[in-house]
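Spelled out, the chains give:
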Amino acid sequence: MISAQDMDRRATFYKKIEEEISKAKIPHVIDSGEGAYLTINGKNKLNFCSSHYLGFAVNPRLAQAASNAVYKYGIGTGYRTLAGNHRLHLELEEVLARFKKAEAAIVLTGGYMANCAAISTIIGKEDIVISDELNHASIIDAIRLSQVKNKLIYKHLDISDLENKLKEAVELAKAPKSDGQTLLILVITDGVFSMDGDLAPLPEIVRLAHEYGALTMVDDAHGEGVLGNGGRGIVDHFGLHGQVDIEVGTLSKAFSVIGGFITGKKELITFYKQKSRQYLFSNALTIPDTAALIEAVKILEESDELVKKLWDNAKYLKSEFARLGFDTGHSKTPITPVMIPDEEKAREFSASLFELDVFATPIVFPMVAKGKARIRVIPSASHSRQDLDKGIAAFEKAGKDLNII
Ligand SMILES: Cc1ncc(COP(=O)(O)O)c(C=O)c1O
């Protein structure tokens, strides 16, 4: 017999989510491409917060490559293991491996997917992961997916705490695994931490991990196309080729398309292609995405001009913000957080900037801890000096109006 309470269950559920969604702010709708500027409500706004570091979102070469491929091959593909393993997918993996100076690459449909694949395919309940406390949400979810019991979280960037956790892991690893297999210890870090723009001390992490017999994984989402020679990422930045076991990247930030990838030793990548559920049970990238990405890698291999322009712009922006008295944290990359700890003030500041035709959204809890709100500015290679000056002037005006500077 179904009770009245049972009958109410659905109604209660919908009432609850209605309450929840009424609190959230609806994002702006963009009516243009996402270049140095974008159009919102019919008005041109300076784009100061997207992760299109190199301007590829509106790059004509990428658009042409995507369009040519669509006319040649159509749009959709399928499961790669069944009926969708297109020549372009293989070409993209080849060029990415070459670009990253890695043995091999596997491409998935997002950085989130790539993190899930990278971790949950090799880590089981009885293994051990050691993870920086500020690692990206997709790493946290990937660890959950692996159902690993022993998750050791070390303090952000803290090498001595990492060593403590490695010692603890080695002790835990003395107990044999129920299937007699060797227990894995995997150290995982973001390369660039996306909210602050600080860098993982990768050489020390790798040295310690090797000392204690652990595997290493770096999520280089915000380092691809940004760090290293010609944008080859954090491993290249530190000259650690061949020493990091698993490198994960996204193709949605500097590459400005969609997708994620893992690079590493040939055998490991083949293992992922045979075992990863995210690869086996999910569709592949579309034709235009794949063709555009191949073109993006080609552009980066031809010249480092865009990467240099990005860094010039970032240096200029940071020094101007500092001159005006803004607190821009301790970023080592083009990510430029303008700290406005109070959430309400950060929202107000962003709204004032919007009135001044600058699009720079506030970052608040849960994306950052409470009391650490900010406007995260990300300049791109498509901004001219004039564009940056326009943004800086708007920050100065809004900052003074709201007594932030
Ligand atoms: C550090 C990090 N890892 C992974 C991701 C997820 O990448 P994607 O958007 O390609 O799924 C992001 C994106 O925000 C990120 O910042």
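Residues numbered from 1 in each chain as written. Predicted model: local features only at pLDDT ≥ 70, side-chain atom pairs only at ≥ 80, totals over all residues. Heavy atoms only, no water.

**Student:** I'm lost on the pairing of strand 4 (residues 128–132) in this one. Help?
**Tutor:** Every other side chain in a regular strand lies on the same face of the sheet, so the side chains alternate between the two faces. In terms of burial, strand 4 is a largely internal element, 5 of the 5 residues being buried. Where burial is concerned, the two faces of strand 4 agree: the one with Ile128, Ile130 and Asp132 and the one with Val129 and Ser131 are both buried. Bridging between strand 4 and strand 5 (residues 150–154) involves 5 bridges; their strand directions are parallel. Its bridge partner being in strand 5, Ser131 is matched across the sheet by Ile153. After leaving strand 4, the chain enters helix 5 (residues 137–146) and then returns to the sheet as strand 5, a path that is right-handed. One ladder, built from 4 bridges, connects strand 4 with strand 6 (residues 185–190); its direction is parallel. For Ile130, the partnering residue across the bridge sits in strand 6 and is Val187. (Buried < 20%, exposed > 50% of the residue type's maximum accessible area, 1.4 Å probe, protein only. Helix = DSSP H or I, 4+ residues; strand = E, 2+ residues; numbered from the N terminus. Pairing = 2+ DSSP bridges. Right-handed = clockwise from strand over helix to strand, strands pointing away.)

**Student:** Looking at this model, I keep getting lost on the sheet that holds strand 13 (residues 374–377). Mind explaining?
**Tutor:** Strand pairing in a sheet relies on backbone hydrogen bonds. The paired strands run either parallel or antiparallel. Strand order in this open sheet of 3 strands is 10-13-12, and the pairing throughout is antiparallel. This sheet does not close on itself; its edge strands, each paired only once, are strand 10 (336–339) and strand 12 (362–363). Here strand 10 pairs with strand 13 via 4 bridges, running antiparallel. Each residue of the ladder has a partner; that of Thr336, found in strand 13, is Val377. Across the sheet, helix 13 (residues 343–355) lies against strand 10, strand 12 and strand 13, angled at about 45° from strand 13, the strand it touches most. (Contact = heavy atoms within 4.5 Å. Axes fitted to C-alpha atoms, helices over the stretch in contact; angles between N-to-C directions.)

**Student:** I would appreciate a short explanation of the pairing of strand 6 in the present structure.
**Tutor:** The buried fraction of strand 6 is high, at 6 of 6 residues. Here strand 6 runs beside strand 7 (residues 215–219); their pairing, made up of 5 bridges, is parallel. Looking at the pairing, Thr189 lines up with Val218 of strand 7. Where the polypeptide runs from strand 6 across helix 7 (residues 202–211) and back to strand 7, its parallel neighbour, the crossover connection is right-handed.

**Student:** What am I meant to see in the site of the ligand here?
**Tutor:** Around the ligand, the surrounding shell holds 15 residues, and the nearest of these are Gly111, Tyr112, Asp219, Thr250 and Lys253. In this structure, an oxygen atom belonging to the ligand sits 2.9 Å away from a main-chain N or O atom of Tyr112. Contact distances for the ligand include 2.6 Å between a nitrogen atom and a side-chain N or O atom of Asp219. Isolated, the ligand exposes 390 Å² of accessible area, and the fraction of that covered by the protein chains is 81%. (Near = heavy atom within 4 Å. Polar contact = N/O pair within 3.5 Å; in protein donor to acceptor, adjacent residues only side chain to side chain. Areas by Shrake-Rupley, 256 points an atom, 1.4 Å probe, with all protein chains shown as cover.)

**Student:** Please clarify how helix 14 (residues 385–401) should be interpreted in this entry.
**Tutor:** Since the α-helix packs 3.6 residues into each turn, any two residues three or four apart lie on the same face. A rise of 1.5 Å per residue sets the reference length of helix 14, with its 17 residues, at 24 Å; its end C-alpha atoms lie 24 Å apart and thus fit the reference within 8%. Looking only at helix 14, the buried set comprises Asp387, Leu388, Gly391, Ile392, Ala394, Phe395, Ala398 and Gly399. Viewed along the axis of helix 14, the buried residues span an arc of 160°, placing them on a single side of the element. Opposite its buried face, helix 14 presents the exposed residues Gln386 and Asp401, each directed more than 90 degrees away. One or two steps after helix 14, the chain reaches Asn403, where phi turns positive at roughly 55°. (Expected span 1.5 Å × (residues − 1). Arc of directions from axis to C-beta.)

**Student:** Whenever I open this one, the environment of Asn313 confuses me. Can you help?
**Tutor:** Checked against the element boundaries, Asn313 lands in helix 12 (residues 305–324). Classification of Asn313 as buried rests on a relative accessible area of 4%. Along the primary structure Asn313 and Pro379 are separated by 66 residues, whereas in three dimensions their C-alpha atoms are 6.5 Å apart. Apart from residues no more than four positions distant in its own chain, Asn313 is found in contact with Pro379, Ser380, Ala381, His383 and Leu388.

**Student:** Just to check I follow, could you spell out the packing of aromatic side chains for this structure?
**Tutor:** Any two aromatic rings considered together are summarised by their centre-to-centre distance and by the angle between their planes. Summed over the entire model, instances satisfying the criterion amount to 9 aromatic pairs. Relative to Tyr14, the ring of Phe13 lies with its centre 5.0 Å away and its plane at 70°, an arrangement referred to as edge-to-face. Pairing Phe99 with Phe255 gives two aromatic rings, centres 6.5 Å apart and planes at 85°, and the pair type is edge-to-face. One end of the pair, Phe99, is in helix 3 (residues 87–100); the other, Phe255, is in the loop between strand 8 (246–250) and strand 9 (260–264), with 156 residues separating them in the sequence. (Phe/Tyr/Trp six-rings, centres within 6.5 Å; stacked < 30°, edge-to-face > 60°.)

**Student:** Help me out: how do you make sense of the domain arrangement of the protein chain in this one?
**Tutor:** Interface size is often expressed as the accessible area that is lost when the parts come together. Entries for the protein chain in the domain assignment read domain 1 (22–51 + 304–401) and domain 2 (60–302). The gap between the C-alpha centroids of domain 1 and domain 2 is 28 Å. Taken together, the 19 residues of domain 1 in the interface contact 18 residues of domain 2. Summed over both partners, the interface of domain 1 with domain 2 comes to about 1400 Å²; 63% of that surface belongs to carbon and sulfur atoms. Summed over the three residues of domain 1 that lose the most area to domain 2, namely Ser51, Val307 and Ile335, the buried surface amounts to 30% of that side. Summed over the shared surface of domain 1 and domain 2, the result is 1 salt bridge. Where Arg374 meets Asp196, a salt bridge forms, and the shortest distance between an N and an O atom there is 2.7 Å. Among the secondary structure elements, those contributing two or more residues to the side of domain 1 that touches domain 2 are helix 12, strand 10 and strand 13. For the side of domain 1 that touches domain 2, the element with the most residues is helix 12, which contributes 4 residues. (Domains from an automatic or database assignment. Buried area = accessible area lost by both parts, 1.4 Å probe. Salt bridge = Lys/Arg side-chain N within 4 Å of Asp/Glu carboxyl O.)

**Student:** Can you help me understand the pattern of salt bridges in this one?
**Tutor:** Two side chains carrying opposite charge are able to pair once their charged atoms lie near each other. Counted under the stated rule, the structure contains 25 salt bridges. Across the pair Lys397 and Asp401 runs a salt bridge, and its minimum N-O distance is 2.7 Å. Residue Lys397 and its partner Asp401 are both found in helix 14; the two are separated by 4 residues, about one turn of the helix. On the basis of relative accessible area, Asp401 is assigned to the exposed category, the value being 53%. Here the salt bridges share partners, and the residues they tie into one network are Lys100, Asp220, Glu224 and Glu247.

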